[in-house]
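What follows is each chain in one-letter form.
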Amino acid sequence: MKNIVLLLFLFTSLYSKNIDELIDAFQNREFKLVCQEGMAKFSKGNRDEDFLGMVGVACAEVDYINPLAKLQRVLRSTKTGRNNASYFATLILQKKLFYQFMLDDIELGYLRVPDTNHILSVIFRNLVLNKYQVTSNSPKALEIIDSGRTIKISITDDNPQKVLVDIFKDGKKVAHHWYR
């Protein structure tokens, strides 16, 4: 039994990144890796707020919004941690409201939430200000023109349904996001 535990520890040590490697990966824009490995370190007890802020930003960059809920609950000891917690909470709320807007036709015009540069905030701002065009009612599809780019939003037939976001610049698709 002791050998199995030692072997398991050795295996996980070889395949998990240390924090310095994750910082390098973040600087190299390897956000998916940083998010996944960082969340694993968080699950194992890492509570360093600077590290968790980096992990959360990486998760936001690759649209892994749900893990942000776990992170934002523990970010409270430093000013930077509290700022990151507010940013993560904003993205979580905007994602949920955006999803409800697309599937349940809720009204968003009366809402005011913090604004960020994340695509969720860009979309949310345009929805609140009624700066969009409905391109289809069944299934619901929208188009937003913002800062020289066209954002096309639609709903899938999956169960549960997903909201798809395609971003075009000069007629070419430059990004794809989906939310559920």
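Residues numbered from 1 in each chain as written. Predicted model: local features only at pLDDT ≥ 70, side-chain atom pairs only at ≥ 80, totals over all residues. Heavy atoms only, no water.

## Comments concerning the sheet that holds strand S1 (residues 133-137)
Pairing between sheet strands relies on hydrogen bonds along the backbone, with the strands arranged either parallel or antiparallel.
Then, in step 1: If you trace the five strands from one edge of the open sheet to the other, you get S1-S2-S3-S4-S5, paired in antiparallel fashion. In this open sheet, the two edge strands, each paired with only one partner strand, are S1 and strand S5 (172-179). Strand-to-strand twist across the sheet, computed as the mean angle between neighbouring axes with direction ignored, equals 20°.
Then, in step 2: The pairing of strand S3 (residues 149-155) with strand S4 (residues 163-169) spans seven bridges and is classified as antiparallel. Considered in S4, the bridge of threonine 150 is made with phenylalanine 168.
Then, in step 3: Of the strands in this sheet, strand S2 (140-146), S3, S4 and S5 touch helix H6 (residues 79-104), which is tilted by about 65° from S3.
Then, in step 4: Across the sheet, helix H7 (residues 119-128) touches S2, S3, S4 and S5, and the angle it forms with S2 is around 100°. (Pairing = 2+ DSSP bridges. Helix = DSSP H or I, 4+ residues; strand = E, 2+ residues; numbered from the N terminus. Axes fitted to C-alpha atoms, helices over the stretch in contact; angles between N-to-C directions. Contact = heavy atoms within 4.5 Å.)

## Overview of the state of the cysteines
Then, in step 1: Tallied over the entire structure, the rule returns one disulfide.
Then, in step 2: Disulfide pairing is shown between cysteine 35 and cysteine 59; the S-S distance is 2.0 Å. An S-S torsion of about 95° defines the bridge between cysteine 35 and cysteine 59 as right-handed. Placement of the pair is cysteine 35 in helix H3 (residues 31-43) and cysteine 59 in helix H4 (residues 49-61), with a sequence separation of 24 residues. (Disulfide = S-S within 2.5 Å.)

## Re the confidence of the model for the protein
Low-pLDDT stretches of the model should not have their predicted coordinates read in fine detail.
Then, in step 1: When pLDDT is averaged across the protein, the result is 90; 91% of the residues are at 70 or more.
Then, in step 2: Contacts for the low-pLDDT stretch residues 1-15, under 50 throughout, to residues beyond four places or in other chains number one contact. (pLDDT = per-residue confidence, 0-100.)

## Brief notes about H6
Then, in step 1: In this model, H6 (26 residues) spans 37 Å end to end at C-alpha, consistent with the 38 Å of a helix rising 1.5 Å per residue.
Then, in step 2: Count one or two residues on from H6 and you reach aspartate 105, which has phi positive near 55°. (Expected span 1.5 Å × (residues − 1).)

## Focus: the nonpolar core
Then, in step 1: Residues Phe98, Ile123, Ile151, Ile153 and Val165 are the most contacted members of the largest nonpolar core, which totals 44 residues.
Then, in step 2: Residue contributions to this core peak at eight residues, all from H6.
Then, in step 3: Setting aside chain neighbours within four positions, we find valine 165 in contact with Phe98, Ile119, Ile123, Ile151, Lys152, Ile153, Ala175, His176, His177 and Tyr179. (Core = buried A, V, L, I, M, F, W, Y, C linked by side-chain atoms within 4.5 Å. Buried < 20%, exposed > 50% of the residue type's maximum accessible area, 1.4 Å probe, protein only.)

## Observations concerning the pattern of salt bridges
Note that side chains of opposite charge can pair when their charged atoms are close.
Then, in step 1: Taken as a whole, this structure holds six salt bridges when the rule is applied.
Then, in step 2: With a shortest N-O distance of 2.7 Å, lysine 140 and aspartate 105 are connected by a salt bridge. One end of the pair, lysine 140, is in strand S2; the other, aspartate 105, is in the loop between H6 and H7, and 35 residues separate them in sequence.
Then, in step 3: Judged by its relative accessible area of 57%, aspartate 105 is exposed.
Then, in step 4: We note a salt bridge from aspartate 146 to arginine 149, for which the minimum N-O separation is 3.5 Å.
Then, in step 5: Since its relative accessible area comes to 23%, arginine 149 is described here as partly exposed.
Then, in step 6: Residues joined by salt bridges that share partners form a network here, namely Asp115, Arg125, Asp146 and Arg149. (Salt bridge = Lys/Arg side-chain N within 4 Å of Asp/Glu carboxyl O.)

## Some details on the environment of isoleucine 155
Then, in step 1: Structurally, isoleucine 155 can be placed in strand S3.
Then, in step 2: Exposure remark for isoleucine 155: the relative accessible area of 12% places this residue in the buried category.
Then, in step 3: Expressed as a C-alpha distance, the spacing of isoleucine 155 and glutamine 27, which sit 128 residues apart in the sequence, is 34 Å.
Then, in step 4: Apart from residues no more than four positions distant in its own chain, isoleucine 155 is found in contact with Met102, Leu103, Lys140, Gln161 and Lys162.

## A word on helix H2 (residues 19-27)
Then, in step 1: N-cap assignment for H2: the residue whose side-chain oxygen lies 3.0 Å from the backbone N of aspartate 20 is asparagine 18.
Then, in step 2: Residue arginine 29 follows H2 closely and has a positive phi angle near 65°. (Polar contact = N/O pair within 3.5 Å; in protein donor to acceptor, adjacent residues only side chain to side chain.)

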